Amino acid sequence: MNSKSYNSFFMNFANNARFKIIMALRNTELSVTDICKETNQEQSRVSHHLKSMSQCNILNVKQQGKKRIYSLNKETVLPILKLVEKHVKYYCREC
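What this report covers is the structure whose coordinates are included nearby.

What counts and how
- Residues numbered from 1 in each chain as written.
- Predicted model: local features only at pLDDT ≥ 70, side-chain atom pairs only at ≥ 80, totals over all residues.
- Heavy atoms only, no water.
- Helix = DSSP H or I, 4+ residues; strand = E, 2+ residues; numbered from the N terminus.
- Rg over C-alpha atoms; globule rule 2.2 N^0.38 Å.
- Buried < 20%, exposed > 50% of the residue type's maximum accessible area, 1.4 Å probe, protein only.
- Contact = heavy atoms within 4.5 Å.
- Areas by Shrake-Rupley, 256 points an atom, 1.4 Å probe, with all protein chains shown as cover.
- Lys, Arg positive; Asp, Glu negative; His and termini not counted.
- Charge placed at Lys NZ, Arg CZ, Asp CG, Glu CD.
- Salt bridge = Lys/Arg side-chain N within 4 Å of Asp/Glu carboxyl O.

Comments concerning the overall build of the protein chain
Item 1. Counting its secondary structure elements, the protein chain contains five helices and three strands.
Item 2. In terms of C-alpha radius of gyration, the protein chain reaches 14 Å, essentially the compact-globule figure of 12 Å for 95 residues.
Item 3. In terms of overall dimensions, the protein chain has C-alpha extents of about 45 × 30 × 25 Å along its principal axes.
Item 4. Taken over 95 residues, the protein chain has a buried fraction of 34%.
Item 5. A sequence separation of at least 24 residues applies to 49% of the contacts in the protein chain between residues at least 6 apart.
Item 6. With the model as given, the accessible surface of the protein chain reaches about 7,000 Å², and the carbon-plus-sulfur share is 50%.
Item 7. Taking the average location of the 16 positive side-chain charges in the protein chain and that of its 7 negative ones, the two points are 4 Å from each other.

Dropping the structure here:
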C-alpha cells in the first residue's frame, strides 16, 4: 500500500466535518437527510463528504427506495473506532 492510500484514509478521520459524519453513523444507519440533521451541515457538503468516504470504503451504501442509506464499514472502521476510544480513555485523559 502506498502513502497516498494511507493519507486518503486518515484524512477522512482528520477532517472535522467527515469525523462528525463518522460519529453520527457509529451506532446506526442514516440517510443523507438524517446525517445533515445530526451533523448540522448542508446537504451538498454532506454528499461531497459521503462520496469521498465511500470511495475509501469507510462507508457502506444501500438503496432504500429513493433514499441512500449509509452505515460504517463494520469489518474495519468500527473496530478502529473502538480501539481509538480505548486508547483515548486510557492514554489521552488530558487531551
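Digging into the pattern of salt bridges
Item 1. In the structure shown here, the tally under the stated rule is one salt bridge.
Item 2. Between Glu29 and Lys62 there is a salt bridge, and its shortest N-O distance comes to 3.2 Å. Of this pair, Glu29 sits in the loop between α2 (16-25) and β1 (30-31) while Lys62 sits in strand β2 (residues 59-64); the two residues are 33 residues apart in sequence, bridging distant segments of the chain.

Let's talk about unusual backbone geometry
Item 1. Phi at Asn40 takes a positive value of approximately 55 degrees, unusual for a residue other than glycine.
Item 2. Position of Asn40 among the secondary structure elements: in the loop between α3 (32-39) and α4 (43-55).
Item 3. Although it is not a glycine, Asn57 sits at a positive phi angle of roughly 60 degrees.
Item 4. Secondary-structure assignment places Asn57 in the loop between α4 and β2.

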